[in-house]
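Examining the three-dimensional arrangement
Listed here are the chains, written in short residue letters.
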Amino acid sequence: MIQLHTEYLGLALRSPIVASAGPLTGSVDTLMELEQHGVGAVVLPSLFEEQVEHETYEIDRLFELHADSFLEAPSMFPELDDEASDERYLRLIEAARSSIDVPVIASLNGANVGGWVRYGRLLESAGASAIELNLYTVASDPLMSSAEVESEQLSLVALLADELTVPLAVKISPFYSSLGSFVVGLQSAGAAGVVMFNRFYQPDLDAEALDMVPSLSLSSSDDSRLPLRWAGLLRDHLSMSIAASSGVHAGLDAAKLLLAGADVVMMTSALLRNGTGHVEAVETELQAWMRDHEYESVGQLRGAARFGALADPAAYERANYIGNLATYTSRHLGRGPIHVT
């Protein structure tokens, strides 16, 4: 019998398939569906510190603005939600923990030191099994060096990891000057795991209004190649967990990422396209692939094709632009293979 159980951030998971932060993990009803279909853990949508602080600022500003208004005109004050964003989020954690048995990982997108620590403690106290810190930032200041950016982020991770008693995972983008060194630095800073990678939602330009507009594109299986490469390169250098995120749509995608060295794979786009039941389909495909290739467990599968296990490990590092272009050209022009050395 194929064993799918694995360990992530020190947590025992019944499956390596994790529902990552997204619209489907923001509802207790869909969280229960995901659990029923076999997901190993869930990551709740991110709590954005900027959003919470903005709400607080707007409430204070409106009350100050109308502080001297006539008492007979209560409509001058805005109607407020019963709960602020952070309070709703904490209630979501509590409701999720009481409704499902798989680990509930809270996600935090912070902007400053005080906010990271404050909200990290709140998420922990609400019952989160672990916290995923989302470093969703764009280093757009040309006067700030890469060394400064990375040093600041590593210091903040170290501070938060020291303040928490639950494990901390760090979700990163691939846009670091020395990605491998930065990930090793995350481990040294106290992170229990790394999630590779963020999908940056690039804005588009409205050429008529001359304004930037939001733009959302879901991933495809091809997007799994980036986390696959880095999971394979870094597996032997890390004792902390690796979560591969982006491009997981089928059981074969999951198998490849686990072979490269990931402990878990995370899905959002595939679930948005196909519904929560797609978890079960991916797990069935993964088990079938493992059975066909005589793997009995995820532990046996994990890292079998990592950098150090390949006959030609340098293949992970080569860009192979010339070889890829030559193969593409020969295929589409109907020629035989072109060998380039």
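Our structure's up above, just so we're on the same page.
Residues numbered from 1 in each chain as written. Predicted model: local features only at pLDDT ≥ 70, side-chain atom pairs only at ≥ 80, totals over all residues. Heavy atoms only, no water.

A few points about the overall build of the protein
Looking only at helices and strands, the protein has 12 helices and 12 strands in total. Looking at the 341 residues of the protein, the share that counts as buried comes to 44%. Within the protein, residue pairs in contact and separated by at least 24 positions form 69% of the contacts whose partners lie at least 6 positions apart. (Helix = DSSP H or I, 4+ residues; strand = E, 2+ residues; numbered from the N terminus. Buried < 20%, exposed > 50% of the residue type's maximum accessible area, 1.4 Å probe, protein only. Contact = heavy atoms within 4.5 Å.)

Regarding the sheet that holds strand S5 (residues 104-109)
Reading around the barrel, the eight strands line up as S3-S4-S5-S6-S7-S8-S11-S12 and close back on themselves, with parallel pairing between neighbours. Strand-to-strand twist across the sheet, computed as the mean angle between neighbouring axes with direction ignored, equals 25 degrees. With five bridges joining them, strand S4 (residues 41-48) and S5 adopt parallel strand pairing. Bridged to Phe48 within S5 is Asn109. Seen against the sheet, helix H6 (residues 179-188) touches strand S7 (168-172) and strand S8 (193-196) and runs at an angle of roughly 160 degrees to S7. (Pairing = 2+ DSSP bridges. Axes fitted to C-alpha atoms, helices over the stretch in contact; angles between N-to-C directions.)

Description of helix H3 (residues 85-99)
In this model H3 runs 21 Å from its N-terminal to its C-terminal C-alpha over 15 residues, within 8% of the 21 Å that 1.5 Å per residue would give. Among all positions of H3, only Ser85, Asp86, Tyr89, Leu90, Leu92, Ile93 and Ala96 are buried. Buried residues of H3 fall within an arc of 150 degrees about the axis and therefore sit on the same side. In H3, the exposed residues that point more than 90 degrees away from the buried face are Arg91 and Ser98. (Expected span 1.5 Å × (residues − 1). Arc of directions from axis to C-beta.)

Overview of helix H7 (residues 225-234)
For H7, the set of buried residues is Pro227, Ala231, Gly232, Leu233 and Leu234. Those residues of H7 hidden inside the fold are in contact with H6, S8, strand S11 (241-245) and helix H8 (251-260).

Here we look at the packing of aromatic side chains
On inspection of all chains with the given rule, the structure shows two aromatic pairs. Summarising the aromatic geometry, the rings of Tyr176 and Phe182 are spaced 4.0 Å apart at their centres and angled 15 degrees between planes, so their arrangement reads as stacked. Overall, the relative accessible area of 13% leaves Tyr176 in the buried class. On the numbers, 5.9 Å between centres and 10 degrees between planes, the contact of Trp289 with Tyr295 is stacked. (Phe/Tyr/Trp six-rings, centres within 6.5 Å; stacked < 30°, edge-to-face > 60°.)

Side note on the pattern of salt bridges
Opposite charge on two side chains permits pairing when their charged atoms draw close. Using the criterion set out here, one finds five salt bridges in the structure. Note that Arg121 and Glu163 form a salt bridge whose closest N and O atoms lie 2.4 Å from each other. Taken together, the residues span a long stretch of sequence, with Arg121 in helix H4 (residues 113-125) and Glu163 in helix H5 (residues 146-163) at a distance of 42 residues. For Arg121, a relative accessible area of 43% corresponds to the partly exposed category. For Arg302, the salt bridge is made with Asp263, and the minimal N-O distance between the two is 3.1 Å. Note that Arg302 is positioned in the loop between helix H11 (298-301) and helix H12 (321-333) and Asp263 in the loop between H8 and strand S12 (264-267), a separation of 39 residues in sequence. Bridged by salt links that share partners, the residues Arg235, Asp263 and Arg302 form one connected network. (Salt bridge = Lys/Arg side-chain N within 4 Å of Asp/Glu carboxyl O.)

A closer look at the nonpolar core
Grouped together as the largest cluster of nonpolar side chains are 74 residues, with contacts concentrated most on Ile93, Leu123, Leu168, Ile172, Leu186 and Val194. Of all the elements, H8 adds the most residues to this core, at six residues. Counting residues in each nonpolar core, the second largest holds 14 residues, with Val18, Val43, Val195 and Val264 among its members. (Core = buried A, V, L, I, M, F, W, Y, C linked by side-chain atoms within 4.5 Å.)

Thoughts on the environment of Gln36
Along the polypeptide, Gln36 turns up in helix H1 (residues 28-36). Remark: the alpha-carbon pair of Gln36 and Glu280, spanning 244 residues in sequence, is separated by 8.9 Å.

Brief notes about the environment of Thr268
Of note, Thr268 is situated in the loop between S12 and helix H9 (269-274). A residue is classified by how much of its surface remains accessible, and Thr268, at 19% relative accessible area, is buried. When the C-alpha atoms of Thr268 and Pro23 are compared, they prove to be 8.5 Å apart, with 245 residues separating the residues in sequence. If we skip the residues at most four places from it in the chain, Thr268 touches Ser20, Ala21 and Gly22.

Here we look at the packing of H7 against H8
Between H7 and H8, the shortest axis-to-axis distance is 7 Å and the interhelical angle comes to 25 degrees. The orientation of H7 relative to H8 falls into the category roughly parallel. Residue-level contacts link Pro227, Leu228, Ala231 and Gly232 of H7 to Lys256, Leu257 and Ala260 of H8. A class-by-class count of the residues in the contact of H7 with H8 yields five nonpolar, one polar and one charged. (Parallel < 35°, antiparallel > 145°, perpendicular 65-115°, else oblique. Nonpolar A, V, L, I, M, F, W, Y, C, P; charged D, E, K, R; others polar.)

Notes on empty space enclosed by the protein
Taken as a whole, this structure holds one cavity of 30 Å³ or more when the rule is applied. Empty space within the largest cavity amounts to approximately 30 Å³. If you trace the largest cavity, you find it lined by Ser20, Gly22, Leu24, Thr25, Met267, Thr268 and Leu271. Tallied by class, the residues present in the lining of the largest cavity amount to three nonpolar, four polar and no charged. (1 Å grid on protein atoms, 1.4 Å probe; cavity = no way out; pocket = protein on both sides within 12 Å on 5 of 7 lines; lining within 4 Å. Points joined across faces, edges and corners; volume = space filled by probe spheres on them.)

In short, geometric facts, not functional conclusions.
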